[in-house]
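Topology and contacts: notes
Residues per chain, in single letters:
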Amino acid sequence: MNLSFKGIFAPLTTPFEGNNISTEKFRENILKYNNFDLSGYVILGSTGESIYLTDEESEKLLLTAIETASSGKKIIVGTARESTKVTLEFTNRMAALGPDAALIRTPSYFKNCLNRTALKNHFLTIADHSKLPIIVYNIPQNTGISVDQQLILELSKHPNIIGIKDSSGNLSFLGEVITDLDSNFNFLLGAGSILFPGLIYGASGGIITLSDIVPDLCIKLYNLSMERKLDEARSLQLDLVPLNQVVTKTLGVPAAKYALDLLGYYGGPCRLPLLPLDEKDKNTIEDILNKLNVLIPIK
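Because the structure is a prediction, the values reported are computed rather than measured.

The rules behind these values
Residues numbered from 1 in each chain as written. Predicted model: local features only at pLDDT ≥ 70, side-chain atom pairs only at ≥ 80, totals over all residues. Heavy atoms only, no water. Helix = DSSP H or I, 4+ residues; strand = E, 2+ residues; numbered from the N terminus. Rg over C-alpha atoms; globule rule 2.2 N^0.38 Å. Buried < 20%, exposed > 50% of the residue type's maximum accessible area, 1.4 Å probe, protein only. Contact = heavy atoms within 4.5 Å. Areas by Shrake-Rupley, 256 points an atom, 1.4 Å probe, with all protein chains shown as cover. Lys, Arg positive; Asp, Glu negative; His and termini not counted. Charge placed at Lys NZ, Arg CZ, Asp CG, Glu CD. Pairing = 2+ DSSP bridges. Axes fitted to C-alpha atoms, helices over the stretch in contact; angles between N-to-C directions. Polar contact = N/O pair within 3.5 Å; in protein donor to acceptor, adjacent residues only side chain to side chain. Right-handed = clockwise from strand over helix to strand, strands pointing away. Patch = residues over 30% accessible without salt bridge, like charges linked within 9 Å, V, L, I, M, F, W, Y side chains within 5 Å. Salt bridge = Lys/Arg side-chain N within 4 Å of Asp/Glu carboxyl O. Core = buried A, V, L, I, M, F, W, Y, C linked by side-chain atoms within 4.5 Å. Parallel < 35°, antiparallel > 145°, perpendicular 65-115°, else oblique. Left-handed = near helix turned anticlockwise from the far one by under 90°. Nonpolar A, V, L, I, M, F, W, Y, C, P; charged D, E, K, R; others polar.

A few words now on the overall build of the protein. Counting secondary structure elements, the protein contains 13 helices and 10 strands. The globule rule puts the C-alpha radius of gyration for 299 residues at 19 Å, and the 18 Å found for the protein is close to it. Along the first, second and third principal axes, the C-alpha set of the protein runs to 60 × 45 × 40 Å. For the protein, buried positions account for 54% of its 299 residues. Taking all contacts inside the protein whose residues are at least 6 apart in sequence as the whole, residues at least 24 apart take part in 71%. With an accessible surface of roughly 13400 Å², the protein has 51% of that area assigned to carbon and sulfur atoms. Placing the 28 positive and 32 negative side-chain charges of the protein at their respective mean positions leaves the two points 1 Å apart.

Let us look at the sheet that holds strand E6 (residues 101–105). On the basis of which strands lie adjacent, the closed barrel formed by 8 strands has the order E1-E4-E5-E6-E7-E8-E9-E10 and parallel pairing. On average, each strand axis in the sheet is inclined to that of its neighbour by 25 degrees, with strand direction left out of account. As judged from the 3 bridges shared by strand E1 (residues 7–11) and strand E10 (residues 205–207), these two strands associate in the parallel manner. Counted as the bridge partner of Phe9 is Ile207 from E10. Along the sheet, helix H2 (residues 55–68) makes contact with strand E4 (40–43) and strand E5 (74–78), crossing E5 at roughly 175 degrees. Of the strands in this sheet, E6, strand E7 (134–138) and strand E8 (161–166) are in contact with helix H4 (residues 116–129), which crosses E6 at around 160 degrees.

Let us look at the environment of Thr248. Along the chain, Thr248 falls in helix H11 (residues 230–250). For Thr248, a relative accessible area of 38% puts it in the partly exposed group. Remark: the alpha-carbon pair of Thr248 and Arg93, spanning 155 residues in sequence, is separated by 30 Å. In terms of polar contacts, Thr248 uses its side chain to reach the backbone carbonyl oxygen of Asn244, at 2.5 Å.

This part takes up the pairing of E1. Of all 5 residues in E1, 5 are buried, a share of seventy percent or more. Note that E1 and E4 share 3 bridges and pair parallel. Paired with Phe9 across the bridge in E4 is Gly40.

Counting buried positions along E6 gives 4 out of 5 residues, so the element sits mostly inside the fold. Summarising the sheet, E5 and E6 pair through 3 bridges and their orientation is parallel. When the bridges of E6 are listed, Gly78 appears paired with Leu103. Taking the sense of rotation as the criterion, the β-α-β connection linking E5, helix H3 (residues 84–95) and E6 turns out right-handed.

What follows concerns a nonpolar patch on the surface. Among the surface-exposed residues, Ile200, Tyr201 and Leu230 lie close enough to one another that they form a single nonpolar patch of about 250 Å² accessible area. For Ile200, the position within the fold is in helix H8 (residues 195–201).

Here the focus is unusual backbone geometry. With an omega of 20 degrees, the peptide bond running from Leu272 to Pro273 counts as cis. Of note, the phi angle at Leu44 is positive, near 65 degrees, even though the residue is not glycine. With respect to the helices and strands, the residue Leu44 is situated in the loop between E4 and H2. Relative accessible area serves as the criterion here: at 4%, Leu44 is assigned to the buried category.

Turning our attention to the nonpolar core. Of all hydrophobic cores here, the largest spans 84 residues; its most connected members are Tyr41, Ile43, Phe187, Ile213 and Leu243. Val42, Ile139, Ile162 and Leu188 belong to the second-largest nonpolar core, a separate cluster that totals 12 residues.

This next bit is on the packing of helix H10 (residues 215–226) against H11. Following both chains from N to C, one finds H10 and H11 inclined at 150 degrees, their axes separated by 9 Å at the closest point. Viewed along their axes, H10 and H11 adopt a mutual orientation that is roughly antiparallel. In this structure, H10 crosses over H11, and the sense of that crossing is left-handed. Each of Leu217, Lys220, Leu221, Leu224 and Ser225 in H10 lies in contact with H11, whose residues at this interface are Glu232, Ala233, Leu236, Gln237 and Leu240. Here the contact of H10 with H11 is built from residues that sort into 6 nonpolar, 2 polar and 2 charged.

Summarising the element assignment, Gly18 is placed in the loop between strand E2 (16–17) and strand E3 (20–21). Along the primary structure Gly18 and Gly7 are separated by 11 residues, whereas in three dimensions their C-alpha atoms are 34 Å apart.

The subject of this paragraph is the side chain of Asn29. If you trace the backbone, Asn29 turns up in helix H1 (residues 23–33). Those residues in contact with Asn29, other than ones at most four positions away along the chain, are Pro15, Tyr265 and Tyr266.

Printed below as a string of structure tokens:
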């Protein structure tokens, strides 16, 4: 198995029709994404509303992705649960379907007890027995739990922990650890607003919601950064900041799905308790996409 995860990975949304998942719409979206030079897809991530899905729904979505993704695209599957035992069981259940890696966020419910020692034991226990290589998922704005510098350096020494997705948006965290991480350890950025500087610092790539909406621009930004075309990369990064702001920080997944509807993908509704956008917020999304020149004018 190739344990190198470089480039741009799209964390796919989950299509719903009514209150049911639609594997057909999911397949149609993936077939469109296959036309782009994405490195792969993340199934059952935050953008995929994974915490609102049943295990059976999750399995159907992963199977659909594996069957539909074009050759060479890696599949990363989110498998986190609150307990170590259930996370490991679900990870190995998903492993049987054939993805390339498991993305596992920090547990968070008993925050006061989840110190560095508890988190280290959680991830090492899973890594010892997981049938998939593990990517640690750090998303403190959602979980209230942070993976700190010392913890990730300790976890990175385990042969079955191959990377981190850091969605903290804290560029200094990357700067503090990157020189001490093994060159084979994959540091994947989860914050689209710092993709350019993060890549310059030495990140492997990104798992960013922006790549669901404007995959071509995210791939272009990655390539410009790798080619050290710094002025062009900086300009494109700044152009993408407003879109990233609304689909990750202010309006979230409903905004990402509405943008997909506007761009010819299937976004559709979110699952409750997430609500659809109001007209004002829809207009905000349309204005941002217009400024990026990605909307096709209606004739």
